[in-house]
Amino acid sequence: MTIEDRLRQALAAQAATVDPAPDAWTRIRARTGTRHRRRLLVPALVTASAVVAGIMGLVALTGEEGAQQVVTEPPAADTPVPGGNPSTAGTAAPASVPLPETFLAVRDHGTELVMVETATGRVRRTLVDLGDFPENGSEEDKSFWPYIDGLTLSPDGRTVYYSTGPEPAVGNLYRVAADGGEPEQIADGLAPAISPDGRRLAFWSLDAIVVKNLDSGESTRFEPGEGFTYRFGNQLAWAADSRHLAFEKGFVEGASSIHVLDTATPGTLSGARPVGGDYEESDTSPSFRSFDGLLGVVQVCCPGPEGSGHDADTFAVLDPVTGQVKGRLDLPFQAKSAAYDRSGRHQLFVAGDGTVLRRSGGGFTAVLRLGGVTLVAW
Amino acid sequence: MMATTMADPSPTGPALDRDAVLGELFRAHHGPLVRTATLLLGDAGVAEEIVQDAYVKLHGALRRLRQPEASVAYLRATVINLARSRLRRYRVARRHPPLPSPPAAGAEEGAVLSEDHREVLAALTALPRRQRECLVLRFYLGLTEAGIAQALSISTGSVKTHTSRGLAALSVRLEDRP
């Protein structure tokens, strides 16, 4: 019997032991009656707006100031990080940094890699197309259709590295010129991330992280080590020093935390420094803010008030040495990931419905409203 | 599969009778939603509570839903989010607790759940949250990838990934059992 059949039967057997309360409808009606409507009005409005935004696709976010809900701004640009990246700590970046002209996005069920104009959201070119997703195909066809699950752009903007499934544990790693051409497979791996100096490429290889020197071709492998339970790779992020690498570690309980690995020192992943996230709240999608060395993460799960009925996802900025939260932003949408540009002044967020939003300064701007995006990089 | 019984009553038109729509949705979906929430939480009593909460929330939101036909998806998403919220409260109450275990085998369950079922459910409980959600929605409710993506507010690509990883992890865990 297949694992799918065993699971299906076990779930059905378990579900069959559950008898819904016979008076459930009476209790629901009592709570939705006239007597209770006034009490329910405010929480219902809050809940509905948030959940509808999540389900319906962020239709309210149409302008720079749209629907922003800032709780705490991340710290000022010139806030030094104690013990942080020595090359950037305490060094203020210019107040205004030009917006990158383009960014990369993976869309259409992960099958298409495109270059998008940041200002207009127009697709400039398609770099990779893995074929039309079989919308009407069998579940097996859909499950095994290839998709892109990792993405990074070289600092000079000339080379794109990406990984493809369908089996997440043994993805294939490719590179392709940013102005087009034939992709070239360079390794087996997942979630590539190129260092800011452009000289090293990190990626997951099963449950280890490999750092490949692009000048010499030599690779260093960081094995999981004892007590490391997470077997598959998510997003990797390099610090501005091109030495420290942030990665996600998943707990069995479902949460994930961020650890920072010193790639210049031999060791294992279990020896990396824990920074953020714990059993109560998952930190995911690490991205370093280059001008001050702080580490941005998306905090996933359900930190909203009890009964709010939605994931009140949060973006937080952490000290990568102490793990201290330096700033926090409640997002008016459910975020899957966030990425700083190389200046650290602009961010892209991928919302739960696949919409891409840009944050430059205070507000959010919907860049790609059509949705369907799963990954971005710039 | 369960999905074939999940017909969407589609409340339409300006003169929406919210009570009638809610009643229709209750008849069609209450039982499956309570069972789904139980599979996610491991506690039928709490599952019943949050599903009732979801119906109350939907009642308040029906007029504001821009696509009324999305009410079933709204219900599912609300149940899942409330379940997550409840799990988080468990974790806050005790910093490193295990997730709620599969319900202990009482006399009634003992007659129904085989040893294999219990092993599979225990392995399922140990999976990361999103993987567990994807597997329950896929293999209990029988939702499509698109339906799961909508319920969880994630992409279909992510659904594939979580489902694939979840199944792989289940296989490993079940093979490791003596």
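Asks: When you look at the overall build of chain B in this model, what are you seeing that I'm missing?
Replies: Counting secondary structure elements, chain B contains eight helices and zero strands. Written out in order from the N terminus, the α and β elements of chain B read α-α-α-α-α-α-α-α. For chain B, the proportion of contacts with a sequence separation of at least 24, taken over those separated by at least 6, is 64%. In the structure as shown, chain B presents an accessible area of about 6,800 Å², 52% of it carried by carbon and sulfur atoms.

Asks: How do you make sense of the overall build of chain A when you look at a structure like this?
Replies: The secondary structure content of chain A amounts to four helices and 24 strands. Put simply, chain A has 378 residues, and 55% of those count as buried. In chain A, the share of contacts with a sequence separation of at least 24, taken over all contacts with a separation of at least 6, comes to 45%. By element, 51% of the accessible surface of chain A is carried by carbon and sulfur atoms, the whole surface being about 15,500 Å².

Asks: Honestly, helix α1 (residues 18–41) of chain B in this entry has me stumped. Any pointers?
Replies: Note that an α-helix has 3.6 residues per turn; residues three or four places apart therefore point the same way. All names here are of chain B. The end-to-end C-alpha distance of α1 is 29 Å, clearly below the 34 Å that 24 residues give at a rise of 1.5 Å each. Of all the bends in α1, the greatest reaches close to 55° and is centred on His29; the proline Pro32 follows between one and four positions later. For α1, the buried fraction is high: 18 of the 24 residues fall into the buried class. Positive phi appears at Gly42, one or two residues downstream of α1, with a value of about 75°.

Asks: I would appreciate a short explanation of the environment of Glu248 of chain A in the present structure.
Replies: All names here are of chain A. Tracing the backbone through its elements, the reader meets Glu248 in strand β13 (residues 244–250). With 28 residues separating them along the chain, Glu248 and Gly276 place their C-alpha atoms 9.5 Å apart. Separated by 2.8 Å, the side chains of Glu248 and Thr284 make a polar contact.

Asks: I keep staring at the packing of aromatic side chains and nothing clicks. Help me out?
Replies: Here the distance between the centres and the angle between the planes together describe a pair of aromatic rings. Residues and elements named next belong to chain A. Taken as a whole, this structure holds 10 aromatic pairs over all chains when the rule is applied. With a centroid separation of 5.8 Å and an interplanar angle of 75°, the aromatic rings of Phe333 and Phe349 are classed as edge-to-face. Note that Phe333 is positioned in the loop between β19 (325–330) and β20 (335–340) and Phe349 in strand β21 (residues 346–351), a separation of 16 residues in sequence. Each of the two residues, Phe333 as well as Phe349, counts as buried. With a centroid separation of 5.5 Å and 70° between ring planes, the pair formed by Phe349 and Phe364 is classed as edge-to-face. Pair noted here: Phe349 is in strand β21 and Phe364 is in strand β23 (residues 364–368), with a separation of 15 residues, a long-range link. For the pair Phe349 and Phe364, one class covers both residues: buried. Aromatic rings pair up to connect Phe315, Phe333, Tyr340, Phe349 and Phe364 into one cluster.

Asks: Hey, could you run me through the pattern of salt bridges in this one?
Replies: Between side chains of opposite charge, pairing is possible as soon as their charged atoms come close. Per the counting criterion, the structure on display carries 14 salt bridges over all chains. The salt bridge involving Glu117 of chain A is made with Arg124 of chain A; its shortest N-O contact spans 3.3 Å. According to the relative accessible area criterion, Glu117 of chain A is buried, its value standing at 13%. The class for Arg124 of chain A is partly exposed, based on a relative accessible area of 33%. Here Arg118 of chain B ties to Glu115 of chain B by a salt bridge, and the two come within 3.7 Å at their closest N and O atoms. On the criterion of helical spacing, the pair formed by Arg118 of chain B and Glu115 of chain B is a turn pair, its members being three residues apart in helix α5 (residues 115–125). In this structure Arg118 of chain B comes out as partly exposed when scored by relative accessible area, which is 29%. Each member of the salt-bridge network shares a partner with another, and the members are Glu101, Glu117, Arg122 and Arg124 of chain A.

Asks: When you look at unusual backbone geometry in this model, what are you seeing that I'm missing?
Replies: Residue and element names in this part refer to chain A. Despite not being glycine, His109 shows a phi value in the positive range, around 60°. The topology assignment puts His109 in the loop between β1 (102–107) and β2 (112–117). Even without being a glycine, Ser242 presents a positive backbone phi close to 60°. Along the chain, the position of Ser242 falls in the loop between β12 (237–238) and β13. Residue classification places Ser242 among the buried positions, given a relative accessible area of 6%.

Asks: How should I be thinking about the nonpolar core in this particular structure?
Replies: By size, the foremost hydrophobic cluster in this structure holds 33 residues, and its most contacted members are Leu7 and Leu11 of chain A together with Leu124, Leu135, Leu137 and Leu170 of chain B. Only α1 (3–16) of chain A together with α1, α5, α6 (129–139), α7 (145–152) and α8 (156–176) of chain B provide two or more residues apiece to this core. Among the elements that line this core, the one with the most residues is α1 of chain A, at six residues. Setting aside anything within four residues of it in sequence, one finds Leu137 of chain B in contact with Thr36, Ile80, Gly142, Leu143, Ile148, Ala151 and Leu152 of chain B. With 28 residues, the next largest nonpolar core counts Val21, Tyr55, Val72 and Leu75 of chain B among its residues.

Asks: So what exactly am I meant to see when it comes to the environment of Trp145 of chain A here?
Replies: Residues and elements named next belong to chain A. Structurally, the position occupied by Trp145 is in the loop between α4 (139–143) and β4 (148–153). Exposure remark for Trp145: the relative accessible area of 26% places this residue in the partly exposed category. Considering only alpha carbons, one finds Trp145 and Pro134, 11 residues apart in sequence, at a separation of 7.9 Å.

Asks: Is there a simple way to think about the packing of α1 of chain A against α6 of chain B in this case?
Replies: Packed helices, taken two at a time, are described by the angle between their axes plus the distance between the axes. Packing of α1 of chain A against α6 of chain B brings their axes to within 10 Å, and their N-to-C directions diverge by 80°. Relative to α6 of chain B, the element α1 of chain A lies roughly perpendicular. Contacts between α1 of chain A and α6 of chain B involve Glu4, Leu7, Arg8 and Leu11 of chain A from the first element and Leu135, Val136 and Phe139 of chain B from the second. Residue composition of the contact of α1 of chain A with α6 of chain B, by class: five nonpolar, no polar and two charged.

Asks: What am I meant to see in the sheet that holds strand β3 (residues 123–129) of chain A here?
Replies: By definition, the strands of a sheet pair up through backbone hydrogen bonds, in either a parallel or an antiparallel sense. Residues and elements named next belong to chain A. Spatially, four strands are ordered β3-β2-β1-β24 in an open sheet, and the strand pairing comes out antiparallel. Sheet topology places β3 and β24 (375–377) at the edges, where each strand pairs with a single neighbour. Here the average twist between neighbouring strands, direction ignored, is 20°. Bridging between β1 and β2 involves six bridges; their strand directions are antiparallel. Its bridge partner lying in β2, Thr102 is registered against Glu117.

Criteria and cut-off values
Residues numbered from 1 in each chain as written. Chains lettered and ligands numbered in written order. Predicted model: local features only at pLDDT ≥ 70, side-chain atom pairs only at ≥ 80, totals over all residues. Heavy atoms only, no water. Helix = DSSP H or I, 4+ residues; strand = E, 2+ residues; numbered from the N terminus. Contact = heavy atoms within 4.5 Å. Areas by Shrake-Rupley, 256 points an atom, 1.4 Å probe, with all protein chains shown as cover. Buried < 20%, exposed > 50% of the residue type's maximum accessible area, 1.4 Å probe, protein only. Expected span 1.5 Å × (residues − 1). Bend = angle between axes of the 7 residues up to and from the residue. Polar contact = N/O pair within 3.5 Å; in protein donor to acceptor, adjacent residues only side chain to side chain. Phe/Tyr/Trp six-rings, centres within 6.5 Å; stacked < 30°, edge-to-face > 60°. Salt bridge = Lys/Arg side-chain N within 4 Å of Asp/Glu carboxyl O. Core = buried A, V, L, I, M, F, W, Y, C linked by side-chain atoms within 4.5 Å. Axes fitted to C-alpha atoms, helices over the stretch in contact; angles between N-to-C directions. Parallel < 35°, antiparallel > 145°, perpendicular 65-115°, else oblique. Nonpolar A, V, L, I, M, F, W, Y, C, P; charged D, E, K, R; others polar. Pairing = 2+ DSSP bridges.

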